[in-house]
Structures are given as structure tokens and as C-alpha cells.
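This is what each chain is made of:
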Amino acid sequence: SVPEDQADKLLLASWGLPQAVLEKYHSLGVVQMFEWQAECLMLGQVLEGKNLVYSAPTSAGKTLVAELLILKRVLEARKKALLILPFVSVAKEKKCYLQ
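Residues numbered from 1 in each chain as written. Predicted model: local features only at pLDDT ≥ 70, side-chain atom pairs only at ≥ 80, totals over all residues. Heavy atoms only, no water.

Some details on the environment of Thr-63
For Thr-63, the location among the structural elements is in helix α3 (residues 62-77). Placed 26 residues apart in sequence, Thr-63 and Gln-37 show a C-alpha to C-alpha distance of 9.8 Å. (Helix = DSSP H or I, 4+ residues; strand = E, 2+ residues; numbered from the N terminus.)

Laid out in C-alpha cells, this is it:
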């Protein structure tokens, strides 16, 4: 679990995302993460672009971890990202969502 002194890491606002991105997540009801999601983001050098492999059940919140890593990398390092999704309907949904 996330140590008490890092409990603020559960809040999306603690990850240095632009206000517009935070507002979009907030409008969808996403203000904070689950502990396991924050733990994934705090592992090793994941935020510096190192690899992360994680597994969770359907609808557990895996996509949020991937989105945050992608957004931070694109915005901070000015790198491009490729997001591969399993279905056309999901790809269309994410396209609208991430614009």
C-alpha cells in the first residue's frame, strides 16, 4: 500500500498534470486513484520511461495508469506515444476522450 506520508499521491492533482487534463478527469468523476494505481506509478523509474508490466481484472482501472504515464511522457518529454486498444469502439471513445 501507499505509505501514509505519500497518501497525497492518490490524488490526480499530485502528478503534475495540466489543469485542463485534471478538469477533464474531474468532470468524469475521477479525482483520485486506487492505491495499487499509485503504487504502479511510483515503481522504479516508470515515470522516466522505464517499462511497467501490471495486471488487474477487467474494469479495475488499468487504463488510468496507462493514460497517466502516456500523458506525462508526452507533455514533459515532448515524446510521441502509441496507444494500442483492442476494439474500434474503444479506440473511437479514447480518441474523443483524449482530444
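So that's the structure; there's more coming.
Some words on the UniProt feature "domain: DEAD/DEAH-box helicase" (unreviewed entry) in the protein chain
Annotation from UniProt places "domain: DEAD/DEAH-box helicase" (unreviewed entry) at residues 44-93. Secondary structure across residues 44-93 comprises 44% helix and 0% strand; the distance between its end C-alpha atoms is 31 Å. (UniProt positions renumbered as here; feature names shortened; annotations may be inferred.)

Some words on the side chain of Glu-67
If you trace the backbone, Glu-67 turns up in helix α3. Residue classification places Glu-67 among the buried positions, given a relative accessible area of 5%. Here Glu-67 is in contact with Tyr-25, Lys-94 and Tyr-97, once residues within four sequence places are set aside. (Buried < 20%, exposed > 50% of the residue type's maximum accessible area, 1.4 Å probe, protein only. Contact = heavy atoms within 4.5 Å.)

Notes on the pattern of salt bridges
If you walk through the whole model with that rule in mind, you get two salt bridges. Where Lys-94 meets Glu-67, a salt bridge forms, and the shortest distance between an N and an O atom there is 2.5 Å. Taken together, the residues Lys-94 in helix α4 (residues 88-98) and Glu-67 in helix α3 connect sequence positions 27 residues apart. Accessibility classification places Lys-94 together with Glu-67 in one group, the buried group. (Salt bridge = Lys/Arg side-chain N within 4 Å of Asp/Glu carboxyl O.)

Section: the environment of Glu-4
Within the secondary structure layout, Glu-4 lies in the segment before α1 (19-27). Relative accessible area serves as the criterion here: at 78%, Glu-4 is assigned to the exposed category. Sequence separation between Glu-4 and Gln-37 is 33 residues; the distance between their C-alpha atoms is 15 Å.

Comments concerning the packing of helix α2 (residues 35-42) against α3
One can describe the packing of α2 onto α3 by two numbers: an axis separation of 10 Å at closest approach and a directional angle of 35 degrees. The hand of the α2/α3 crossing is right-handed. Contacts from Trp-36, Gln-37, Cys-40 and Leu-41 of α2 reach α3 at Lys-62, Leu-64, Val-65, Leu-68 and Leu-69. Broken down by class, the residue content of the contact of α2 with α3 amounts to seven nonpolar, one polar and one charged. (Axes fitted to C-alpha atoms, helices over the stretch in contact; angles between N-to-C directions. Left-handed = near helix turned anticlockwise from the far one by under 90°. Nonpolar A, V, L, I, M, F, W, Y, C, P; charged D, E, K, R; others polar.)

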